[in-house]
Amino acid sequence: MYFPPLFSAWKHTLRAGYNAQRLRSDIIAGITVGIIAIPLAMALSIAIGLPPQHGLYTVLVAGFLIALLGGSRLNVSGPTAAFVVILLPITQQFGLAGLLICTLMAGTILIGMALLRAGSLLQFIPYPVTLGFTAGIGIVLATLQMKDALGLNNIGPSSNFLEQVQQLVLALPSIQLGDSLVAAITLTILIAWPRFFPRVPGHLPALVIGTLLAITLKHFDWPVATLGERFSYFVEGVEYPGIPPFLPSFAWPWTLPGPSGEPLVLSFELFRQLLAPAFAIAMLGAIESLLCAVVADGMAGTKHDSNGELFAQGIGNLVAPLFGGITATAAIARSAANVRAGAYSPMAAMTHALVVLVAMLFLAPLFSLLPMAALAALLLMVAWNMSEPKQVIHTLKIAPRNDILVLLTCLILTVLFDMVLAVGVGLILAAGLFIKHISETTDTRPSHAPHIKALQDLPDSICSYSIRGPLFFGAAEKALSVLRQVQPSIKVVIIDMSAVPVLDMTAIAGLTKVLEDYRQREIGVILVGTTSRLRLKMRRADIRLSPKHLSYVRDFEQARVRAENWLTA
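Here the structure is a predicted model, which is why all the values come from computation and not from measurement. (Residues numbered from 1 in each chain as written. Predicted model: local features only at pLDDT ≥ 70, side-chain atom pairs only at ≥ 80, totals over all residues. Heavy atoms only, no water.)

Novice: How would you summarise the overall build of the chain if you had to cite specific residues and measurements?
Specialist: In terms of helices and strands, the chain carries 22 helices and nine strands. A compact globule built from 569 residues would reach a C-alpha radius of gyration of about 25 Å, whereas the chain, at 31 Å, exceeds it by more than 25%. Expressed as lengths along the three principal axes of its C-alpha atoms, the size of the chain is roughly 105 × 60 × 55 Å. Expressed as a percentage of the 569 residues in the chain, the buried residues total 54%. Excluding contacts between residues fewer than 6 apart, the proportion of contacts in the chain whose partners are at least 24 apart in sequence is 80%. Charge separation in the chain, taken as the distance between the mean sites of 38 positive and 31 negative side-chain charges, equals 10 Å. (Helix = DSSP H or I, 4+ residues; strand = E, 2+ residues; numbered from the N terminus. Rg over C-alpha atoms; globule rule 2.2 N^0.38 Å. Buried < 20%, exposed > 50% of the residue type's maximum accessible area, 1.4 Å probe, protein only. Contact = heavy atoms within 4.5 Å. Lys, Arg positive; Asp, Glu negative; His and termini not counted. Charge placed at Lys NZ, Arg CZ, Asp CG, Glu CD.)

And the structure:
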């Protein structure tokens, strides 16, 4: 049985050589990415309806483990924006306990995918499908942030995108100028910062300025919602604002609060309800992790082990929920920042997890001052980058019509329904259109004698056809229907199959019927140029050589000699 390698990224690193200078580069890169990860982890946890510390727990546990065990030297794992549209409904329906159980199940599925060597299969997902659902996720994520960015009140959970938009429109009269101003200033800094300081991430200065602005506005009695006002924790019955300044403790997920605040009861029905979202989490996690590894390899000239990375992602998502961590996967933006900051090995991603640990232990009281509007602005920027509007517009301009249809279908279904349906329909639609396109390249037509000397001046009782293209379920009926239209005077049919690369079971069944019809009409068949693989398939299907009925030859010269001999006999 195949077992994916652990520590493969570290093995590649040590094989290439590792020294003190590269360690120093990794530590600097890890500190840089850690500063980016702290607010993002908290904001993403809030976006799925949980207290912010669960996002930090995810980085501490899953981010460290995946980097240590994984197959990519430069991937940085943790909570990502792509999961928000999947995880938020789970939290609303099953609570924290249900989400962590679902993450455990997704981790198990990822390990199974790695054991089945499914890492290489994910490259067959069409680009329009990936671009469509990521753009759709970006739109949904941005819509979810408008409540905190504008300080709107009376907005509850919604079952779909249109209902969410309706609630936002109805709540516009409750807009808070303080929150809106903080969000606008924070977003402006996030947009403008890279133009002036491209090598330094703008997350920290944007949040610092946004927090100082919020403190100033509150001093002049302009209300601005903060993290400490929204979230709190208890120690020995005493309530404290913000997030707890201590490490997470081990707990079985089902013992944590469910939707009603009570622990969940494990049952087959619960697993059945969570199976579909767990599979969606695993598929999205696998796609994003491996896509991230490809991007990082392209930037740094490295090479990743896809199955080793999937296995580590599975382990990370199995262990993190036991310590309150939510779903984790590799993050493209953080991994790209990791490469640009000079990372060389997984030590950078491990350092980024340690930075989050130190910040959580010593800076937790300061986090309670963070404005919710500033965190919402941070996720609005993430949503914009994730939706890739320039790439979507460019694709709509240059892509073939079928790819545009797939992209728009995935985008609309992601926004209006969910990502699982969008990806499923997108893959089916893309596959159907591809099959239709390939089937149009397959045809059967009479061989033209002027181009083939051996077929010149053939007797009237001999005819010749050429089949061009793959013979599979999408093209077999159209290609073989031509062979059923031979004239009653024909005694020998020469069929050129040298340009047939594929023959599936549908084509074999259709060819068998054609040959049986020829046999009843006492028509001989000579197949020209069939490959050994095609002959083996036909032999297994009991299509065998028969004197005066079926023969294989190498070229048209042999076919003509064989046909004339049959007629003479």
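What follows continues from the structure just given.
Novice: So, the UniProt feature "domain: STAS" (unreviewed entry) in the chain: which residues are in play, and what are the values?
Specialist: The residues that UniProt annotates with the feature "domain: STAS" (unreviewed entry) are residues 460–563. Counted over residues 460–563, helix gives 38% and strand 23%. Its end C-alpha atoms are 12 Å apart. (UniProt positions renumbered as here; feature names shortened; annotations may be inferred.)

Novice: Quick rundown of the side chain of Ser77? Include the residues and the values.
Specialist: Looking at the secondary structure, you find Ser77 in strand E1 (residues 77–78). In this structure the side chain of Ser77 is engaged in a polar contact, spanning 3.2 Å, whose partner is the side chain of Gln313. Apart from the residues within four sequence positions on either side, Ser77 is in contact with Gly63, Ile66, Gln313, Thr329, Ala330 and His352. (Polar contact = N/O pair within 3.5 Å; in protein donor to acceptor, adjacent residues only side chain to side chain.)

Novice: Please set out the sheet that holds strand E5 (residues 443–446) residue by residue, giving values where relevant.
Specialist: Spatially, E5-E6-E7-E8-E9 is the arrangement adopted by the five strands of the open sheet, whose pairing is mixed. Every interior strand has two partners, whereas the edge strands, E5 and strand E9 (550–553), have only one. Across the sheet, the mean angle from the axis of one strand to that of its neighbour is 25°, orientation sign disregarded. Sheet analysis places strand E7 (residues 492–499) next to strand E8 (residues 524–528), joined by five bridges and oriented parallel. Bridge assignment links Val493 to a residue of E8, and that residue is Val525. Of the strands in this sheet, strand E6 (462–468), E7, E8 and E9 are in contact with helix H22 (residues 556–568), which crosses E8 at around 170°. (Pairing = 2+ DSSP bridges. Axes fitted to C-alpha atoms, helices over the stretch in contact; angles between N-to-C directions.)

Novice: Tell me what's going on with the packing of aromatic side chains, and back it up with residues and numbers.
Specialist: The description of an aromatic ring pair rests on the distance of the ring centres and on the angle between the ring planes. Applying the stated criterion across every chain yields a total of nine aromatic pairs. Ring geometry for Phe472 against Phe473: centres 5.4 Å apart, planes inclined by 85°, an arrangement best described as edge-to-face. A relative accessible area of 11% places Phe472 in the buried class. Grouping aromatic residues by their ring pairs yields a cluster made of Phe250, Trp252, Trp254 and Phe323. It is Arg73 that lies over the ring of Tyr344; its NZ or CZ is 4.6 Å from the centre. (Phe/Tyr/Trp six-rings, centres within 6.5 Å; stacked < 30°, edge-to-face > 60°. Lys NZ or Arg CZ within 6 Å of the ring centre and 35° of its normal.)

Novice: I'd like to hear about the pattern of salt bridges, residue by residue, with values.
Specialist: For the structure on display, the rule yields 12 salt bridges. One salt bridge connects Asp148 with Lys147, and the closest N-O pair in it is separated by 3.8 Å. Classification of Asp148 by relative accessible area gives buried; the value is 14%. Judged by its relative accessible area of 24%, Lys147 is partly exposed. Each of Lys147, Asp148 and Arg230 takes part in salt bridges that share partners, so that together they form one network. (Salt bridge = Lys/Arg side-chain N within 4 Å of Asp/Glu carboxyl O.)

Novice: Account for helix H13 (residues 347–362), with residues named and values stated.
Specialist: Note that an α-helix has 3.6 residues per turn; residues three or four places apart therefore point the same way. Taking 1.5 Å of rise per residue, 16 residues should cover 22 Å, and H13 covers 22 Å from first to last C-alpha, within 8% of that figure. Along H13, the positions that sit buried rather than exposed are Ala348, Ala349, Met350, Thr351, His352, Ala353, Val355, Val356, Ala359 and Met360. (Expected span 1.5 Å × (residues − 1).)

Novice: Any details on the packing of helix H16 (residues 389–398) against helix H17 (residues 401–416)? Residues and values, ideally.
Specialist: The interhelical angle for the contact between H16 and H17, taken along N-to-C directions, is 145°, at an axis separation of 8 Å. Like other packed secondary-structure pairs, H16 and H17 cross with a definite hand, here left-handed. Judged by residue contacts, Val392, Thr395 and Leu396 of H16 engage Ile404, Leu407 and Leu408 from H17. Counted by class, the contact of H16 with H17 contains five nonpolar, one polar and no charged residues. (Left-handed = near helix turned anticlockwise from the far one by under 90°. Nonpolar A, V, L, I, M, F, W, Y, C, P; charged D, E, K, R; others polar.)

Novice: Would you mind going over unusual backbone geometry in detail, with residue names and values included?
Specialist: Look at Asp221: it is not a glycine, yet its phi comes out positive at around 65°. Position of Asp221 relative to the elements: it lies in the loop between helix H8 (203–219) and helix H9 (227–230). With relative accessibility at 68%, the residue Asp221 sits in the exposed group. Not every positive phi belongs to a glycine, and Glu522 is a case in point at roughly 60°. With respect to the helices and strands, the residue Glu522 is situated in the loop between helix H20 (505–520) and E8.

Novice: Residues and numbers for the pairing of E8, please.
Specialist: Here is the key point about a regular strand: its side chains alternate between the two faces of the sheet. Counting buried residues along E8, five of its five residues qualify, which places the element largely inside the surrounding structure. Residues Gly524, Ile526 and Val528 point to one face of E8 and Val525 and Leu527 to the other, with burial holding for every one of them. Note that E8 and E9 share four bridges and pair parallel. Within the sheet, the bridge partner assigned to Ile526 lies in E9 and is Ser551. On the question of chirality, the crossover connecting E8 to the parallel E9 by way of helix H21 (residues 532–540) is right-handed. (Right-handed = clockwise from strand over helix to strand, strands pointing away.)

Novice: Could you give me a rundown of the packing of helix H4 (residues 84–115) against helix H11 (residues 306–319), with the residues and numbers involved?
Specialist: With their axes 7 Å apart at the nearest point, H4 and H11 run at an angle of 160° to one another. With respect to H11, the axis of H4 lies roughly antiparallel. Relative to H11, the crossing made by H4 is left-handed. Across the interface between the two elements, Thr103, Leu104, Gly107, Thr108, Leu110, Ile111, Met113, Ala114 and Leu115 from H4 touch Asn307, Leu310, Phe311, Gln313, Gly314, Ile315, Asn317 and Leu318 from H11. Considering only residue class, the contact of H4 with H11 consists of 10 nonpolar, seven polar and no charged. (Parallel < 35°, antiparallel > 145°, perpendicular 65-115°, else oblique.)

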